Amino acid sequence: MKELARRPDSEIDYSDIPPLTEKFWKNAVRNPFYRPVKRQVTLRIDADILEWLRQQGKGYQSRLNSLLRSAMIEQLRGKEKRA
């Protein structure tokens with residue numbers, strides 16, 4: 001293994017591996033088995049928003065997390081388009 005590690009990249013034969021294009025990465029999805037680490041926090045939230053989330057049934061904290069994640073992803077994608 002050490003012998004292989006010392007070889008420069010220019011000596012590696014990539015002919016059996018197709019190149020990864022921008023199109024590939026745009027369609028890539030996060031590993032479906034990925035689970036982000038959860039942290040317990042204290043959060044102040046408007047009472048009407050909390051009530052709205054709770055009215056939808058069990059799992060209101062997960063729904064809140066999902067809404068925040070969607071907003072985060074949308075914002076990050078907007079920054080990518082501007083860059």
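Residues numbered from 1 in each chain as written. Predicted model: local features only at pLDDT ≥ 70, side-chain atom pairs only at ≥ 80, totals over all residues. Heavy atoms only, no water.

## A closer look at the overall build of the chain
Here is step 1 of the chain: Of the regular secondary structure elements, the chain holds 4 helices and 0 strands.
Here is step 2 of the chain: For the chain, the α and β elements follow one another from N to C terminus as α-α-α-α.
Here is step 3 of the chain: Against the compact-globule benchmark of 12 Å for 83 residues, the chain has a radius of gyration of 22 Å, which places it well outside the compact range.
Here is step 4 of the chain: Its C-alpha atoms put the chain at 65 × 30 × 20 Å along the principal axes.
Here is step 5 of the chain: The buried share of the chain, taken over its 83 residues, is 1%. (Helix = DSSP H or I, 4+ residues; strand = E, 2+ residues; numbered from the N terminus. Rg over C-alpha atoms; globule rule 2.2 N^0.38 Å. Buried < 20%, exposed > 50% of the residue type's maximum accessible area, 1.4 Å probe, protein only.)

## Some points on the environment of Glu 11
Here is step 1 of the chain: Among the secondary structure elements, Glu 11 is positioned in the loop between helix H1 (2-6) and helix H2 (22-27).
Here is step 2 of the chain: There is a polar contact of 3.2 Å between the side chain of Glu 11 and the side chain of Arg 7. (Polar contact = N/O pair within 3.5 Å; in protein donor to acceptor, adjacent residues only side chain to side chain.)

## A look at the pattern of salt bridges
Here is step 1 of the chain: Evaluation of the coordinates by the stated rule reveals 2 salt bridges.
Here is step 2 of the chain: Among the salt bridges present, the one from Glu 3 reaches Arg 6, with a minimum N-O distance of 3.5 Å. A residue pair is termed a helical-turn pair when its members lie 3 or 4 positions apart in one helix, as Glu 3 and Arg 6 do in helix H1 at 3 residues.
Here is step 3 of the chain: Residue Glu 3 is classed as exposed on the basis of its relative accessible area of 55%.
Here is step 4 of the chain: Its relative accessible area of 60% is what places Arg 6 among the exposed residues.
Here is step 5 of the chain: Close ionic contact of Arg 7 with Glu 11 constitutes a salt bridge, the shortest N to O distance being 3.2 Å. (Salt bridge = Lys/Arg side-chain N within 4 Å of Asp/Glu carboxyl O.)

## Things to note about the confidence of the model for the chain
Here is step 1 of the chain: Across the chain, the average pLDDT comes to 90, with 99% of residues at or above 70.
Here is step 2 of the chain: Per-residue pLDDT, averaged within each element of the chain, yields its smallest value for H2 (86) and its largest for helix H3 (residues 47-55) (97). (pLDDT = per-residue confidence, 0-100.)

## Re the layout of surface pockets
Here is step 1 of the chain: Roughly 670 Å³ of internal volume is contained in the largest pocket.
Here is step 2 of the chain: As for the largest pocket, its lining consists of 17 residues, and the residues nearest its centre are Arg 39, Val 41, Leu 43, Gln 61 and Leu 64.
Here is step 3 of the chain: No other element matches the 7 residues that helix H4 (residues 60-82) contributes to the lining of the largest pocket.
Here is step 4 of the chain: Looking at the lining of the largest pocket, its residues break down into 10 nonpolar, 4 polar and 3 charged.
Here is step 5 of the chain: Along the walls of the second largest pocket sit Trp 25, Lys 26, Ala 28, Val 29, Arg 30, Arg 69, Met 72, Ile 73, Leu 76, Arg 77 and Glu 80, which together make up its complete lining. (1 Å grid on protein atoms, 1.4 Å probe; cavity = no way out; pocket = protein on both sides within 12 Å on 5 of 7 lines; lining within 4 Å. Points joined across faces, edges and corners; volume = space filled by probe spheres on them. Nonpolar A, V, L, I, M, F, W, Y, C, P; charged D, E, K, R; others polar.)

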